[in-house]
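As a plain string of letters, each chain reads:
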Amino acid sequence: QVQLVDSGGGLVQAGGSLRLSCAASGRTFTTYAMGWFRQAPGKQRELVAAITSGGSTNYADSVKGRFTISRDNAKNTVYLQMNSLKPEDTAVYYCAIRVRLWVGAPPLKGYNYDYWGQGTQVTVSS
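What you are looking at is a predicted structure, and each value in this text was computed from that prediction instead of being measured. (Residues numbered from 1 in each chain as written. Predicted model: local features only at pLDDT ≥ 70, side-chain atom pairs only at ≥ 80, totals over all residues. Heavy atoms only, no water.)

A. Up close: the overall build of the chain. Across its full length, the chain holds zero helices and 11 strands. The order of helices and strands in the chain, counted from the N terminus, is β-β-β-β-β-β-β-β-β-β-β. Taken over the C-alpha atoms alone, the chain extends approximately 45 × 30 × 25 Å along its principal axes. Across the 126 residues that make up the chain, the buried fraction comes to 45%. Long-range contacts, defined as pairs at least 24 residues apart, comprise 60% of the intrachain contacts of the chain with a sequence gap of at least 6. When the accessible area of the chain is evaluated, it comes to approximately 6300 Å², of which 48% is carbon and sulfur surface. Charged side chains of the chain number 13 positive and 7 negative; the gap between the two group centres comes to 4 Å. (Helix = DSSP H or I, 4+ residues; strand = E, 2+ residues; numbered from the N terminus. Buried < 20%, exposed > 50% of the residue type's maximum accessible area, 1.4 Å probe, protein only. Contact = heavy atoms within 4.5 Å. Areas by Shrake-Rupley, 256 points an atom, 1.4 Å probe, with all protein chains shown as cover. Lys, Arg positive; Asp, Glu negative; His and termini not counted. Charge placed at Lys NZ, Arg CZ, Asp CG, Glu CD.)

Have a look at this one:
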């Protein structure tokens, strides 16, 4: 089994920054892709950013230029640096990984990921 522990959420004022982390552990596996999703109350879960083992990235249009996803392959850890936060970024953020083979650009849909973290709350006040 694989476990994901995501952390780093909190309360921040608009314009502030937060850094989320997600560490994967468990049986031997290869993480072909890692991603961050978010879900705000009353809204559907959406992709925020994703990254492959080779470093290719994808971002939601709403966060481009403000958020940066990165990963440490040796530690099986993915990070999300969030700058210039806005109230509309308020949501529960979930990390996810894909351990089945994946080739090409990072997967954008939740069903392409195999394991999920428990979620961390990010609240941005105006």
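B. Molecular detail of the nonpolar core. The biggest cluster of nonpolar side chains holds 30 residues, and the ones touching the most others in it are Trp36, Leu80, Met82, Tyr93 and Ile97. Contacts of Ile97, omitting those with residues within four sequence positions, involve Val2, Leu4, Ala24, Phe29, Thr31, Ala33, Met34, Tyr113, Asp114 and Tyr115. In this structure, Ala33, Phe37, Leu47 and Ala50 belong to the second largest nonpolar core, which totals six residues. (Core = buried A, V, L, I, M, F, W, Y, C linked by side-chain atoms within 4.5 Å.)

C. Here's a closer look at the state of the cysteines. Under the counting rule described, the total for this entry stands at one disulfide. Each disulfide pairs two cysteine sulfurs, and for Cys22 the partner residue is Cys95, the sulfurs being separated by 2.0 Å. Taking the torsion about the sulfur-sulfur bond, which here is approximately 50°, the covalent link between Cys22 and Cys95 counts as right-handed. Of this pair, Cys22 sits in strand 3 (residues 18–26) while Cys95 sits in strand 9 (residues 91–98), and the two are 73 residues apart along the sequence. Classification of Cys22 by relative accessible area gives buried; the value is 0%. Owing to a relative accessible area of 0%, Cys95 belongs among the buried residues under this scheme. (Disulfide = S-S within 2.5 Å.)

D. Structural context of the pattern of salt bridges. As enumerated under the stated definition, the model contains five salt bridges in all. Residue Lys64 is joined to Asp61 by a salt bridge in which the shortest nitrogen-to-oxygen separation is 3.1 Å. Residue classification places Asp61 among the exposed positions, given a relative accessible area of 65%. Note that Asp89 and Arg66 form a salt bridge whose closest N and O atoms lie 2.7 Å from each other. Pair noted here: Asp89 is in the loop between strand 8 (77–82) and strand 9 and Arg66 is in the loop between strand 6 (57–59) and strand 7 (67–72), with a separation of 23 residues, a long-range link. When sorted by exposure, Asp89 lands in the same class as Arg66, which is buried. Among the charged side chains, a network of salt bridges with common partners joins Arg38, Glu46, Arg66 and Asp89. (Salt bridge = Lys/Arg side-chain N within 4 Å of Asp/Glu carboxyl O.)

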